[in-house]
Amino acid sequence: MNDALKASIAPVRVAPKHCSGMRVRAKFISCMLAAVFASLPAAALAEGWQAVEEVRPYAISGMSGAALYESIGEHGPKAGVAGRVIAHTTFKLTWTRKYEPQGSACVITTNKPKLIITYTLPKPSAALPAAVKTSWDGFISGVAAHERVHGETIKEMVREIETTSIGLTTADDPDCKKIRVELTRRLGEISARQRQRGRDFDKVEMGDGGNIQQLILKLVNGP
């Protein structure tokens, strides 16, 4: 039988702190909106599948770096109860699996993923002055690169799931029930490692003096 399994693995989000204003100074960083999650361009695997990656922009406005960042604070995507963030990465993962009884055992003989990764990023709604555009381009390039690292960990997670699933066998399981329990256990461990990798990466990127903080300071202190 063919089994289509929808994976619902919550992406890691870093809760932003509330910012009361847009005063441009070093301590402004402590009020930064968090940039979160995902990858390098998807590469076809030996197995033949390829992740679909899409960018979903949201509109912001402003004619200066500080104004653009303030608009991000007003219009950025919501991350659950945490509030708004600069950007985030989400994904939809489905599987086509075949569980095949072999004597008294059960074996996974087919295990094909379909992965869609979506990066939500800010985009100015109007043309920017030349100097501001240069500043903005540097900021958004850095934020997008951050998100794509999260995307790469998602793809690596899918590859690990694929490797650990294909050929998985459970004895004394002619109805292929025990194998589903065992697979769920293994997938939980793999997804937990992926989420932890995301948290560790964000801790470095968004810590004091980290890459994201530097990107924000350059934007809000620029033209």
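Below you will find a few notes about this structure. Per-chain numbering applies: the sequence of each chain, read as written, is numbered from 1 onward. Note on the predicted model: pLDDT of at least 70 is required for a residue's local features to be given, and 80 or more for side-chain atom pairs to be given and counted; whole-chain, interface and lining totals, by contrast, use all residues. Note: side-chain values were computed over all heavy atoms of the structure, leaving out hydrogens and water.

## Some remarks on unusual backbone geometry
Here's step 1: We note that Asp-172 has phi near 50 degrees; this positive angle belongs to a residue other than glycine.
Here's step 2: Helix numbers and strand numbers start at the N terminus; a helix is a DSSP run of H or I with at least 4 residues, a strand a run of E with at least 2. Mapping Asp-172 onto the fold places it in the loop between strand 5 (169-170) and helix 3 (178-205).
Here's step 3: Classification of Asp-172 as exposed rests on a relative accessible area of 57%.
Here's step 4: For Cys-176, which is not a glycine, the phi torsion comes out positive at approximately 55 degrees.
Here's step 5: Summarising the element assignment, Cys-176 is placed in the loop between strand 5 and helix 3.
Here's step 6: For Cys-176, a relative accessible area of 3% gives the class buried. Residue burial is assigned from relative accessible area. The probe radius is 1.4 Å, only protein chains are included, and a residue is buried under 20% of its type maximum, exposed over 50%, and partly exposed in between.

## Quick look at the pattern of salt bridges
Here's step 1: In the sections that follow, a salt bridge refers to a side-chain nitrogen of Lys or Arg positioned within 4 Å of a carboxyl oxygen of Asp or Glu. The final tally for this structure, using the stated rule, is twelve salt bridges.
Here's step 2: In this structure, Arg-148 and Glu-53 form a salt bridge, with 3.5 Å as the shortest nitrogen-oxygen distance. Here Arg-148 is found in helix 2 (residues 130-165), whereas its partner Glu-53 is found in strand 2 (residues 52-60), with 95 residues between them in sequence.
Here's step 3: Between Glu-152 and Lys-155 there is a salt bridge, and its shortest N-O distance comes to 3.6 Å. Of this pair, Glu-152 and Lys-155 both sit in helix 2, three residues apart, roughly one helical turn.
Here's step 4: You can call Glu-152 buried: its relative accessible area is 17%.
Here's step 5: Taking relative accessible area as the criterion, Lys-155 reaches 1% and is therefore assigned buried.
Here's step 6: It is possible to trace a salt-bridge network through shared partners that takes in Glu-53, Arg-148, Glu-152, Lys-155 and Arg-159.

## Some details on the state of the cysteines
Here's step 1: Only a pair of cysteine sulfur atoms within 2.5 Å counts as a disulfide in this structure description. Counted according to the given criterion, the structure contains one disulfide.
Here's step 2: The residue that forms a disulfide with Cys-106 is Cys-176, at a sulfur-sulfur distance of 2.1 Å. Disulfide Cys-106 to Cys-176: torsion about the S-S bond roughly 100 degrees, handedness right-handed. You can see Cys-106 sitting in strand 4 (residues 105-124) and its partner Cys-176 sitting in the loop between strand 5 and helix 3, a full 70 residues away along the chain. For the pair Cys-106 and Cys-176, a shared accessibility class is recorded, and that class is buried.

## A look at the nonpolar core
Here's step 1: Side-chain atoms within 4.5 Å are what join buried Ala, Val, Leu, Ile, Met, Phe, Trp, Tyr and Cys residues into a set we call a nonpolar core. Ile-72, Ile-86, Leu-93, Leu-115, Trp-136, Phe-139 and Met-157 are the most contacted members of the largest nonpolar core, which totals 42 residues.
Here's step 2: Elements represented by at least two residues in this core include exactly strand 2, helix 1 (65-75), strand 3 (88-102), strand 4, helix 2, helix 3 and helix 4 (211-220).
Here's step 3: No other element matches helix 2, which puts ten residues into this core.
Here's step 4: Throughout, a contact is declared for two residues whenever any of their heavy atoms are within 4.5 Å. Those residues in contact with Trp-136, other than ones at most four positions away along the chain, are Ile-60, Leu-68, Ile-72, Pro-122, Pro-124, Leu-128 and Leu-219.

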